[in-house]
Amino acid sequence: MTQEEVFKNLTAHCKEYGFIFQSSEIYDGLSAVYDYGQLGVELKNNIKNYWWQAMVRLHDNIVGIDSAIFMHPKIWEASGHVAAFNDPLIDNRDSKKRYRADVLIEDFLAKLEEKINKEVEKGRRKFGETFDEEQFRATNPNVLRIKAKYDETHARMVKALDNNDLEEMRQIIIDSDIVCPISGTKNWTDVRKFNLMFSTQLGNVSGEDGTIYLRPETAQGIFVNFLNVQKTGRMKIPFGIAQIGKAFRNEIVARQFIFRMREFEQMEMQFFIKPGTELDWFAKWKETRLQWHKAIGLGDDKYRFHDHDKLAHYANAATDIEFNFPFGFKELEGIHSRTDFDLGNHQRMSGRKIQYFDPETQESYVPYVIETSIGVDRCVLAVLSSSYHEEALEGGDTRVVLSIPPALAPVKVAVLPLVKKDGLPEKAREILTALRVDFNCQYDEKDSIGKRYRRQDAIGTPYCVTVDHDTLTDGTVTIRYRDTMEQERVPIDALRNIIFDKVSLNSLLTKNI
Ligand code: GAP
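Not measured: the values here are computed from a predicted model.

Criteria and cut-off values
Residues numbered from 1 in each chain as written. Predicted model: local features only at pLDDT ≥ 70, side-chain atom pairs only at ≥ 80, totals over all residues. Heavy atoms only, no water. Phe/Tyr/Trp six-rings, centres within 6.5 Å; stacked < 30°, edge-to-face > 60°. Helix = DSSP H or I, 4+ residues; strand = E, 2+ residues; numbered from the N terminus. Buried < 20%, exposed > 50% of the residue type's maximum accessible area, 1.4 Å probe, protein only. Lys NZ or Arg CZ within 6 Å of the ring centre and 35° of its normal. Contact = heavy atoms within 4.5 Å. Pairing = 2+ DSSP bridges. Axes fitted to C-alpha atoms, helices over the stretch in contact; angles between N-to-C directions. Core = buried A, V, L, I, M, F, W, Y, C linked by side-chain atoms within 4.5 Å. Near = heavy atom within 4 Å. Polar contact = N/O pair within 3.5 Å; in protein donor to acceptor, adjacent residues only side chain to side chain. Areas by Shrake-Rupley, 256 points an atom, 1.4 Å probe, with all protein chains shown as cover. Nonpolar A, V, L, I, M, F, W, Y, C, P; charged D, E, K, R; others polar. Parallel < 35°, antiparallel > 145°, perpendicular 65-115°, else oblique. Left-handed = near helix turned anticlockwise from the far one by under 90°. Patch = residues over 30% accessible without salt bridge, like charges linked within 9 Å, V, L, I, M, F, W, Y side chains within 5 Å. Salt bridge = Lys/Arg side-chain N within 4 Å of Asp/Glu carboxyl O. Lys, Arg positive; Asp, Glu negative; His and termini not counted. Charge placed at Lys NZ, Arg CZ, Asp CG, Glu CD.

K.L.:
Now, about the packing of aromatic side chains: what can you tell me, with residues and values included?
P.N.:
In this structure the tally under the stated criterion is 21 aromatic pairs. For the pair Tyr34 and Phe257, a centre-to-centre distance of 5.2 Å together with 85° between the ring planes defines the contact as edge-to-face. Linking Tyr34 in strand 2 (residues 34-36) with Phe257 in the loop between strand 9 (239-248) and strand 10 (263-273), this pair joins segments that are 223 residues apart in sequence. Residues Tyr34 and Phe257 agree in their burial class; the two are buried. Here the aromatic residues Phe7, Tyr34, Phe257, Phe259, Tyr303, Phe323, Phe325 and Phe327 are joined through ring pairs into a cluster of three or more. Residue placement shows Arg378 over the ring face of Phe259; its charged tip is 3.7 Å from the ring centre. A cation over a ring is seen here: Arg480 above Tyr453, with NZ or CZ 4.5 Å from the ring centre.

K.L.:
Mind laying out the side chain of Asp87, listing which residues take part and the relevant values?
P.N.:
Assignment of secondary structure puts Asp87 in strand 4 (residues 86-91). In this structure Asp87 comes out as buried when scored by relative accessible area, which is 7%. The residues touching Asp87, leaving out its near neighbours within four places in the chain, are Arg100, Arg192, Lys193, Phe194, Leu196 and Glu251.

K.L.:
Hey, could you go over the pairing of strand 13 (residues 328-339) for me, with residue numbers and the actual values?
P.N.:
Sheet topology places strand 12 (residues 317-325) next to strand 13; 9 bridges connect them, and they run antiparallel. Counted as the bridge partner of Ile321 is Glu333 from strand 13. Hairpin geometry of strand 12 and strand 13 is characterised by an intervening segment of 2 residues between the two adjacent antiparallel strands. Alignment of strand 13 against strand 16 (residues 368-375), held across 6 bridges, turns out to be antiparallel. Counterpart to Thr339 in the pairing with strand 16 is Val369.

K.L.:
Explain the sheet that holds strand 4 residue by residue, including any values.
P.N.:
Strand order in the open sheet formed by 3 strands is 5-4-6, with antiparallel pairing between adjacent strands. The two strands at the open ends of the sheet, each matched to only one other strand, are strand 5 (98-100) and strand 6 (192-195). On average, adjacent strands in this sheet sit at an angle of 45° to one another, irrespective of strand direction. Of the pairings in the sheet, the one linking strand 4 to strand 5 comprises 3 bridges and is antiparallel in character.

K.L.:
Tell me what's going on with the nonpolar core, and back it up with residues and numbers.
P.N.:
In this structure, Ile20, Leu384 and Leu408 are the most contacted members of the largest nonpolar core, which totals 63 residues. Those residues within four positions of Ile20 in sequence are excluded, and the remaining contacts are Cys14, Lys15, Tyr34, Asp35, Tyr36, Gly37, Phe257, Ile258, Val380 and Leu384.

K.L.:
Kindly report on the site of the ligand, identifying the contributing residues and their values.
P.N.:
Near the ligand lie 21 residues; those nearest to it are Glu217, Arg249, Met261, Glu268 and Glu331. At 2.8 Å from an oxygen atom of the ligand is found a side-chain nitrogen or oxygen belonging to Arg249. At 2.6 Å from an oxygen atom of the ligand is found a side-chain nitrogen or oxygen belonging to Glu331. Its free accessible area being 560 Å², the ligand has 94% of it covered by the protein chains. For the shell around the ligand, the secondary structure elements donating two or more residues are strand 10, strand 13 and strand 16. Counting residues per element, the shell around the ligand draws most heavily on strand 13, which supplies 6 residues. The class makeup of the residues in the shell around the ligand is 6 nonpolar, 5 polar and 10 charged.

K.L.:
I'd like a description of helix 12 (residues 341-350), backed by residues and values.
P.N.:
Buried residues of helix 12: Asp342, Leu343, Gly344, Asn345, His346 and Gln347, and no others. On its buried side, helix 12 packs onto helix 3 (73-78), helix 9 (219-223), helix 10 (226-232), strand 10 and strand 13. Positioned one or two residues after helix 12, Gly351 has a phi angle of 75°, which is positive.

K.L.:
How would you summarise the packing of helix 7 (residues 141-162) against helix 8 (residues 166-175) if you had to cite specific residues and measurements?
P.N.:
Contact pair helix 7 / helix 8: the axes reach a minimum separation of 9 Å and the direction vectors enclose 160°. Here helix 7 is positioned roughly antiparallel relative to helix 8, judged by the angle of their axes. Remark: the crossing between helix 7 and helix 8 carries left-handed chirality. Facing Lys149, Thr153, Arg156, Met157, Ala160 and Leu161 of helix 7, the residues of helix 8 in contact are Glu168, Met169, Gln171, Ile172 and Asp175. A breakdown of the residues in the contact of helix 7 with helix 8 according to their chemical character gives 5 nonpolar, 2 polar and 4 charged.

K.L.:
Talk me through the packing of helix 2 (residues 40-57) against helix 11 (residues 278-296); I want residue IDs and the actual numbers.
P.N.:
Two numbers describe how helix 2 lies on helix 11: the axes approach to 12 Å, and their chain directions differ by 140°. With respect to helix 11, the element helix 2 is oriented oblique. Handedness of the crossing formed by helix 2 with helix 11: right-handed. The residues of helix 11 that touch helix 2, namely those facing Ile47, Tyr50, Trp51, Ala54 and Met55, are Trp285, Arg289, Trp292, Ala295 and Ile296. Considering only residue class, the contact of helix 2 with helix 11 consists of 9 nonpolar, no polar and 1 charged.

K.L.:
Which residues make up unusual backbone geometry, and what values go with them?
P.N.:
A cis geometry characterises the amide bond from Ile237 onward to Pro238, with omega recorded as 5°. A positive phi angle, close to 55°, is found at Asn164, a residue other than glycine. Looking at the secondary structure, you find Asn164 in the loop between helix 7 and helix 8. Given a relative accessible area of 48%, Asn164 falls into the partly exposed group. Backbone geometry places Asp447, a non-glycine residue, at a positive phi of 75°. We classify Asp447 as partly exposed; its relative accessible area is 34%.

K.L.:
So what's going on with a negative patch on the surface? Which residues, and what values?
P.N.:
Residues Glu106, Asp107, Asp162 and Asp309 make up a contiguous surface patch of negative charge. Within the fold, Asp107 resides in helix 5 (residues 101-127).

Here it is, written out as structure tokens:
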């Protein structure tokens, strides 16, 4: 099965089992907007909880806030979003489809990279054990020719983006023979800029004066509260402010399920530091955040850093933590060195002094900022896409299993009476009542035990506890493990500890220390 087919099956699975639904489905849906169902919201909450505990609880110099989505419109002028939060868009006249010009060029570059890798693999097969990859890449004429094309196109794109040169963006698309994936033609319009912020009207004031924006990032709510938190919390630099909340962007190229949405959620942390120390802190936060991701246990090789060619309007250094989604390595989290861009601009626009007085040096300054910014929904997608497996079992049977890391699984344990009589349901409910104080549990007595195990596998429940006739006499139950499907007989009293060890967030948090 191709990765594309697996991804399609995953999307259908998410709907079938109550993880994620298309928004407004009974009205044929709203494009790039999704609702989380009964299991999706549990998974999402577990991820948010893991982030919050790792950032706020494990650091004595990071505190959290929850700022409003609506903010004064001047904030978005100061932050540069009104002027510069734009995507370069291009239309294909034949398919009438609209694309981000930079994404078209990046896809073209990815194809060149793929071609180079194919040449390398050909060489490896040809030369066998004597193959020297480094030398091959440095000398093979085909590789050198494709690499030269790559470097030239890449350099042109970076320059065009830096200079906001829309004509040159179009010219690169033409010169690279990039065709529309739908119509297959090169009948392109000019490249135009499109602001990604949604606007609305505040109260009954209409027109320019009443226009406010739905926030495109949660970060600005932190910046405008810098003084409030620093003063009331008596915070000393370096310190951080964390926030989880909704953000809104009028994305034009909305695709790949919950990867790119118009309404999504961010977990952001702004770390305020002394100017001049930013590169050290940037390096430190890169490592800290990678460690957070790896602790989840999806596989260390699924992550890589990608340093930015074009820096956002506020950054002097930036990197992405990319994840290997079914459609390739893509951004999961951004880490940005934002200098004093935001606080400095808010100081100018608001006319308020936004500075930190350093008691040791007796100096006042506008702090610099390192930002870590991760999309909750992308993290949900990373977990779901790497946990989804269609397995062939012995005897020709198959199962779909979500091997979600137990600490993030929506349901931790299912309690199942073997049959619906002889007092087994009552005993099972007694066990359920004791376990649900600690864990999110499900009770299921319908269908055969095999079918019930499959249902729990499909939603990623790490443990099933089966109550049978022996339970009534010897106080033991069967515990079944999702990943190995092994079963073990254990006393009821031992259940809590067996389950707690694996499903508690502590198992992830200890890997962050
Ligand atoms: N405050 C900085 C900032 O917003 P960003 O790189 O534009 O930086 C940060 O966004 C993260 O938010 C991304 O790494 C991604 O995980 C998530 N994100 C951005 N746009 C998104 C979208 N349209 N849908 C889902 N997640 C998105």
